[in-house]
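# Inside the fold
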Amino acid sequence: MSDAINHRKLFPIELSNLIETAGGVTLELSIYKGPGFEILLEVTGRNAQMKARGPLSKVVGYIPKGFNRSASLEKIAAVRKEDVVISYAMPPVPSAPFKRLVKAQINRLLLRSSMPESLMLLVTARCQCKCKHCIFHGFEKGRELSTEEFYSVIDQALELGAYHVSFEGGEPTLRDDIFDLIDHVDKNMASTHLITNGLRLTKEYVRKLKKAGLEYLHVSLDSPYQEGHDEFRGVEGTFEKASAGVKYGVEEGLIGIVEYTATPYNSDFETLEELYGHCRSLGVHEILISDVVPGGRWGHHEDNIVKKEDYDGIVAFRDEANKRKDGPRVSTSFSYRDPKVMGCFAGRRWVWVTSTGEVMPCLHVHLSFGNVRDLSLKSIWKKIRGDPLFSKKPETCAWRDPMYRAHSNQIETALKEETLPYRTGK
């Protein structure tokens, strides 16, 4: 009966339908209503299931089927008083941004409409760390977009349909206007994310982030061991500050996410188990494991990237960890990008804007299709969508695609000259 007690305490009756089942109490949330159909999320404990009902439910049945198949709903990130958080990749449920997510999927299938669903802003190239895997290494360090210029980019992306806005870098907390940028995002249209090394995350700083309207706080940890993380980041004390920072975020009511970059040297089960234990002690809601990608300071050679046996081990750990009733949810970003699941997001669902205004399909695809100082985001997005690499059905991640690899020499030169991203059409 613990689930019943928790759900009855957590949710006001007007937000939920509580249904007695053999497994406890199921919370039923209406997340999207359309003509002749309704999409719902059923939550029992930390397990969730999406379904559709109504006379036209079969028409949109692919949406709940897709979520149930690919979103690892066996363990959601958080059940809170006002909503449910499935994962870092989705706005809270119920919320206006989540309705925009569902609408985007309907439009994608029925209208063949493709819009940038996630806007990633690399708001500065500045950073206190010298990470061994820094993908931003070699990018041009010119005049950064002003506050007003970033406001314009945010507004344009929301107009195009984005429901996810992420502030990254470099180190985004080094911008004095970061609170203003977060505040500018219309919270009825998109969820807000900050990805940080954690060095500036004091209690007071985190309170300001919360006040500005931040919802998801992503803090990077590359090792569960202080010495290993600090050495990888190149700054002593990073592990302690990052750990404290994400804990402060959770205490302030933010969704706390640890971003873990998997390499051939930190992907064994024992290390991942240590990471899980550390994150659980901090109250972290989710661990997001991404794979290191050739590029930047890591280099473009592939002898030091994650191998098949590493991927298999990470997935096995994820599946085992998500069977546990307590502790953080574990997600693997590379699993979503599997062609059998959703496929590569680059230039199809994602758009990235650098600190100098260059627009890229993905952080790992160092091609610029235009600058927001010269062209509208909509026109640049059309150029991306018209490129053969992004208009075709994805067979692999774009950075692995031979069509992208054809630019290797130009990208290598731009990296050495610190003029990334490479401008297409030159």
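Quick caveat: nothing in here was measured; it's all calculated off a predicted structure.

## Concerning the pairing of strand β9 (residues 191–196)
Among the six residues in β9, six count as buried, and that is most of the element. Neither face of β9 is open: one carries Ser191, His193 and Ile195, the other Thr192, Leu194 and Thr196, and all of them are buried. Note that strand β8 (residues 164–168) and β9 share four bridges and pair parallel. Note on β9: the bridge partner recorded for Ser166 is His193. The parallel pair β8 and β9 is bridged by helix α5 (residues 178–184), and the resulting crossover is right-handed. Here β9 pairs with strand β10 (residues 216–220) via four bridges, running parallel. Across the sheet, Thr196 pairs through a bridge with Val219, a residue of β10.

## Regarding the environment of Ser267
Looking at where Ser267 falls in the secondary structure, it is placed in the loop between β11 (255–262) and α9 (269–282). On the accessibility criterion, Ser267 (6% relative accessible area) is buried. On a C-alpha basis, the gap between Ser267 and Ala89 in space is 22 Å, while along the polypeptide they are 178 residues apart. At 2.5 Å, the side chain of Ser267 and the backbone oxygen of Thr263 are in polar contact. Among the polar contacts made by the side chain of Ser267, one reaches the side chain of Asn266 at a distance of 3.4 Å.

## Observations concerning the sheet that holds β8
Paired through backbone hydrogen bonds, the strands of a sheet run either parallel or antiparallel to each other. Within the open sheet, the nine strands sit side by side as β13-β12-β11-β10-β9-β8-β7-β14-β15. Their pairing is mixed. Only two strands of the sheet have a single neighbouring strand rather than two, namely β13 (329–332) and β15 (359–360). When β10 meets β11, the two strands line up parallel, connected through five bridges. Across the sheet, Tyr216 pairs through a bridge with Ile255, a residue of β11. Along the sheet face, helix α4 (residues 147–160) touches β7 (118–122), β8 and β14 (350–353) and points at about 165° away from the line of β7.

## Description of the pattern of salt bridges
Summed over the entire model, instances satisfying the criterion amount to 25 salt bridges. With a shortest N-O distance of 3.1 Å, Arg329 and Glu286 are connected by a salt bridge. With Arg329 in strand β13 and Glu286 in strand β12 (residues 286–291), the pair connects residues that are 43 residues apart, well separated along the chain. A relative accessible area of 0% means that Arg329 is categorised as buried. On the basis of relative accessible area, Glu286 is assigned to the buried category, the value being 0%. Among the ionic pairs, Lys308 bridges to Asp312, the shortest N-O distance being 2.8 Å. Of this pair, Lys308 and Asp312 both sit in helix α10 (residues 308–321), four residues apart, which is roughly one turn of that helix.

## Some words on empty space enclosed by the protein
Following the criterion strictly, the structure yields one cavity of 30 Å³ or more and no others. The calculated volume of the largest cavity comes to roughly 60 Å³. Residues belonging to the lining of the largest cavity are distributed by class as follows: eight nonpolar, one polar and one charged.

## Topic: the packing of helix α2 (residues 62–70) against helix α3 (residues 96–110)
Remark: α2 packs on α3, axes separated minimally by 10 Å, with the N-to-C direction vectors making an angle of 115°. Looking at the two axes, α2 sits roughly perpendicular to α3. The handedness of the crossing between α2 and α3 is right-handed. Contacts between α2 and α3 involve Tyr62, Ile63 and Phe67 from the former and Phe98, Leu101, Val102, Gln105, Ile106 and Leu109 from the latter. Tallied by class, the residues present in the contact of α2 with α3 amount to eight nonpolar, one polar and no charged.

## With respect to the packing of aromatic side chains
Per the counting criterion, the structure on display carries 12 aromatic pairs. Judged by centre distance (4.8 Å) and plane angle (75°), the rings of Tyr311 and Phe334 are edge-to-face. On the criterion of sequence distance, the pair formed by Tyr311 in helix α10 and Phe334 in helix α11 (residues 333–336) is long-range, its members being 23 residues apart. Residues Tyr311 and Phe334 agree in their burial class; the two are buried. Cluster of aromatic residues (ring-pair linked, three or more members): Phe269, Tyr276 and Phe317.

## Topic: the side chain of His218
Position of His218 relative to the elements: it lies in strand β10. Excluding residues that lie within four positions of it along the chain, His218 makes contacts with Tyr88, His193, Leu194, Ile195, Thr196, Ile257 and Glu259.

## A short note on a nonpolar patch on the surface
Among the surface-exposed residues, Leu56, Val59, Leu109, Leu110 and Leu111 lie close enough to one another that they form a single nonpolar patch of about 450 Å² accessible area. Considering the arrangement of structural elements, one finds Leu56 in the loop between β4 (47–53) and α2.

Conventions used here
- Residues numbered from 1 in each chain as written.
- Predicted model: local features only at pLDDT ≥ 70, side-chain atom pairs only at ≥ 80, totals over all residues.
- Heavy atoms only, no water.
- Buried < 20%, exposed > 50% of the residue type's maximum accessible area, 1.4 Å probe, protein only.
- Helix = DSSP H or I, 4+ residues; strand = E, 2+ residues; numbered from the N terminus.
- Pairing = 2+ DSSP bridges.
- Right-handed = clockwise from strand over helix to strand, strands pointing away.
- Polar contact = N/O pair within 3.5 Å; in protein donor to acceptor, adjacent residues only side chain to side chain.
- Contact = heavy atoms within 4.5 Å.
- Axes fitted to C-alpha atoms, helices over the stretch in contact; angles between N-to-C directions.
- Salt bridge = Lys/Arg side-chain N within 4 Å of Asp/Glu carboxyl O.
- 1 Å grid on protein atoms, 1.4 Å probe; cavity = no way out; pocket = protein on both sides within 12 Å on 5 of 7 lines; lining within 4 Å.
- Points joined across faces, edges and corners; volume = space filled by probe spheres on them.
- Nonpolar A, V, L, I, M, F, W, Y, C, P; charged D, E, K, R; others polar.
- Parallel < 35°, antiparallel > 145°, perpendicular 65-115°, else oblique.
- Left-handed = near helix turned anticlockwise from the far one by under 90°.
- Phe/Tyr/Trp six-rings, centres within 6.5 Å; stacked < 30°, edge-to-face > 60°.
- Patch = residues over 30% accessible without salt bridge, like charges linked within 9 Å, V, L, I, M, F, W, Y side chains within 5 Å.
- Areas by Shrake-Rupley, 256 points an atom, 1.4 Å probe, with all protein chains shown as cover.

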